Amino acid sequence: MDYNTRMNYEEYAGKSVLLLGKTRSLNGVEFEVLLKLHSMSVVKQFDETVALIIEGKMMNPLELQESERIYESHTVPIVDIGAIEKWLCGSIEPNRLLMSLKLSRDQDRLVNFLQNPYITDELFFKLLKLYDWQGEGLFDNDTNRDVTAAIIGRFYIDLERNHNVQYAMSGLAHLVEKYGNSQLIMAISELSPIAKELKNSNDRSLSGVLDAMALHSDTPKSLLQLLLKERAYLLAHREPLVLEKELLALEDETILRSLAHNVTLSQEGADSLEQQYPELIASFYPLDEIRFERLMGESIALASNPSLTPSMQERLMEMNKEAVFSALAQNTALRPEHLETLFVLNQYGEQLASNASLFPEYLERLYQNASPNILRALASNTSTPVEILYQLSLDQRTERAVKTNPAFGKHIQTYNLGWN
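This text gives an overview of the structure that appears in the document. Here the structure is a predicted model, which means the values were calculated and not measured.

Calculation rules
Residues numbered from 1 in each chain as written. Predicted model: local features only at pLDDT ≥ 70, side-chain atom pairs only at ≥ 80, totals over all residues. Heavy atoms only, no water. Helix = DSSP H or I, 4+ residues; strand = E, 2+ residues; numbered from the N terminus. Rg over C-alpha atoms; globule rule 2.2 N^0.38 Å. Buried < 20%, exposed > 50% of the residue type's maximum accessible area, 1.4 Å probe, protein only. Contact = heavy atoms within 4.5 Å. Areas by Shrake-Rupley, 256 points an atom, 1.4 Å probe, with all protein chains shown as cover. Pairing = 2+ DSSP bridges. Right-handed = clockwise from strand over helix to strand, strands pointing away. Salt bridge = Lys/Arg side-chain N within 4 Å of Asp/Glu carboxyl O. Core = buried A, V, L, I, M, F, W, Y, C linked by side-chain atoms within 4.5 Å. Axes fitted to C-alpha atoms, helices over the stretch in contact; angles between N-to-C directions. Expected span 1.5 Å × (residues − 1). Bend = angle between axes of the 7 residues up to and from the residue. Polar contact = N/O pair within 3.5 Å; in protein donor to acceptor, adjacent residues only side chain to side chain. Parallel < 35°, antiparallel > 145°, perpendicular 65-115°, else oblique. Left-handed = near helix turned anticlockwise from the far one by under 90°. Nonpolar A, V, L, I, M, F, W, Y, C, P; charged D, E, K, R; others polar.

### Quick look at the overall build of the protein
When helices and strands are tallied, the protein shows 27 helices and 4 strands. Taking 420 residues into account, the globule formula puts the C-alpha radius of gyration at 22 Å, and the protein, at 31 Å, lies well above it. Expressed along its principal axes, the backbone C-alpha trace of the protein runs to roughly 95 × 50 × 35 Å. Taking all 420 residues of the protein together, the buried fraction comes to 45%. Residue pairs at least 24 apart in sequence account for 48% of intrachain contacts in the protein once pairs closer than 6 positions are excluded. Carbon together with sulfur atoms contributes 48% to the accessible area of the protein, which is approximately 23,000 Å² in total.

Have a look at this one:
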């Protein structure tokens, strides 16, 4: 008889259940207390009063035999412990549990709940604030390690592919980077080992986690302000840019140059940096006609700007400069008519071969009778047709570039092909 998690367990109110083996996400006491809330009681042996069998973990041989016997007799429904624990956890009253844990200061019980996948995220974050890290680091003792692993395990979506990520600081950094949102990032920042580091930097092992927070687009502004002192350089690379005025006020050349690369810099910010770093603004900042005209002296830099309009490209083409043509040939915004012109000139093949916006037919034309430099550019280009990449992978001169080409790697993964 097939019984699944969609069973209506309320039907068993006032009846007995038999647990074979151990509980999994709830400890034995919590399990029985929650069952009692539904007027259900646990018995130790099967008898005529038992209305439901629960298969837990670590069943001993006798319990396995009993389970098989009952299953064959079709007399009583059998369910997995996970299904009923999930249902029971929906009965938890958050405020009552939080008050109980605050009064008892029972850290073992708290950790058990933090490791429970069936409680809500809202309750999890509230419970996390109650945990005492004992002045030690995230992995410095067994219990701290278990709690950190519970945080990673709960929110790391493809955990089954990499279980070890739960037990490494790099795993927490990757969690923030890949699966972070404002609530999760703030919760992690409030863990006492990290909150302490934000106030006084001295633990290098946490650098990766804080770097990930500094760069994540969902990190709240209040947290970014705490990160400003030690991570201004990273904050200058954020898109969208936050704390622009604070970063400009630092008047640090490295940070200012990074801001000049940032396409989300405000118009006012770009204006303030244009005189000091005209080449960078010309290369990266989204252009309007006024700024384009103002920066015409930086024509080579302008030719590499991906925001060039058709009329701007026309103006640059009319300059008839080799360096400008070379920059335009690599620009993903290059118009088809200008592409054809540069193609006919027959001296910008390497630059065109690196342009990811080119249509396959152009890349195929470049591949025919290409020089080694053009072949290497094609091997690295994510738009190069996969058939050409296969051919280039057989050439020692371009094999490495193909192997590191993200588009080819994705193709190999998609079709589950072996690659050494």
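What follows continues from the structure just given.
### A look at the pairing of strand β1 (residues 16–20)
Most of β1 sits out of view: 5 of its 5 residues are buried. Residue alternation in β1 divides its side chains into two sets, S16, L18 and L20 and V17 and L19, and both sets are buried. With 3 bridges joining them, β1 and strand β2 (residues 41–43) adopt parallel strand pairing. Its bridge partner lying in β2, L18 is registered against V43. Read from β1 through helix α1 (residues 28–37) to β2, the crossover connection turns out right-handed.

### What about the pattern of salt bridges?
If you walk through the whole model with that rule in mind, you get 18 salt bridges. A salt bridge links R154 to D121, with the shortest nitrogen-to-oxygen separation between them at 2.9 Å. Residue R154 is located in helix α7 (residues 142–155), and its partner D121 is located in helix α6 (residues 121–128); the two are separated by 33 residues in the primary sequence. E274 is paired through a salt bridge with R291; the nearest N and O atoms lie 2.5 Å apart. Of this pair, E274 sits in helix α15 (residues 267–274) while R291 sits in helix α17 (residues 289–294); the two residues are 17 residues apart in sequence, bridging distant segments of the chain. Note on accessibility: E274 and R291 belong to one class, buried. In this structure, a network of salt bridges that share partners links the residues D271, E274, R291 and R294.

### Comments concerning the nonpolar core
Ranked by size, the top nonpolar core spans 126 residues in total, and within it I84, L127, L175, I188 and L259 carry the most contacts. Among the elements that line this core, the one with the most residues is helix α12 (residues 221–235), at 7 residues. Sequence-distant contacts of I84, defined by excluding residues within four places in its chain, comprise Y9, F31, L35, L52 and I54. I53, M59, I70 and I78 belong to the second-largest nonpolar core, a separate cluster that totals 9 residues.

### Some points on the sheet that holds strand β3 (residues 50–55)
Each strand in a sheet pairs with its neighbour through backbone hydrogen bonds, running either in the same direction (parallel) or in the opposite one (antiparallel). The sheet built from 4 strands is open, its strands ordered β2-β1-β3-β4 with parallel pairing. Each edge of the sheet is formed by a strand with only one pairing partner; in this case those strands are β2 and β4 (78–80). Strand-to-strand twist in this sheet, taken as the mean axis angle between neighbours without regard to direction, amounts to 35 degrees. When β1 meets β3, the two strands line up parallel, connected through 5 bridges. Bridge assignment links L19 to a residue of β3, and that residue is I54. The sheet contacts of helix α2 (residues 61–73) involve β1, β3 and β4, and relative to β1 the element is tilted by about 130 degrees.

### Focus on α12
The end-to-end C-alpha separation of α12 is 11 Å, well short of the 21 Å expected for 15 residues at 1.5 Å each. The largest bend along α12 measures about 100 degrees and falls at K229. Listed in full, the buried residues belonging to α12 are L223, L224, L227, L228, R231, A232, L234 and L235. Buried residues belonging to α12 abut α9 (182–189), α10 (192–199), α11 (207–215), α13 (244–249) and α14 (253–261).

### Describing the environment of E340
Checked against the element boundaries, E340 lands in helix α21 (residues 336–345). Overall, E340 belongs to the partly exposed group, its relative accessible area being 28%. A distance of 2.6 Å separates polar atoms of two side chains, one belonging to E340 and the other to Y362.

### Describing the side chain of R231
Position of R231 relative to the elements: it lies in helix α12. Of the polar contacts made by the side chain of R231, one reaches the side chain of D211; its length is 2.7 Å. Those residues in contact with R231 that lie beyond four places of it in its chain are S207, L210, D211 and A214.

### Regarding unusual backbone geometry
Omega for the bond connecting E239 with P240 falls within 30 degrees of zero, at 5 degrees, which places this linkage in the cis form. One can find P240 in the loop between α12 and α13. The backbone phi angle of R105 is positive, close to 50 degrees, even though this residue is not glycine. In this fold, R105 is placed in the loop between α4 (94–104) and α5 (107–114). Its identity is not glycine, yet E251 carries a phi of approximately 50 degrees, on the positive side. Position of E251 among the secondary structure elements: in the loop between α13 and α14. Residue classification places E251 among the exposed residues on the basis of a relative accessible area of 66%.

### Here's the deal with the packing of α5 against α6
The geometry of α5 relative to α6 is characterised by a closest axis approach of 10 Å and an angle of 150 degrees between their N-to-C directions. In terms of axis orientation, α5 runs roughly antiparallel to α6. Between α5 and α6 lies a crossing whose hand is left-handed. Between α5 and α6, the contacting residues are L110, F113 and L114 on the first element and F124, L127 and L128 on the second. Among the residues forming the contact of α5 with α6, the class breakdown is 6 nonpolar, no polar and no charged.

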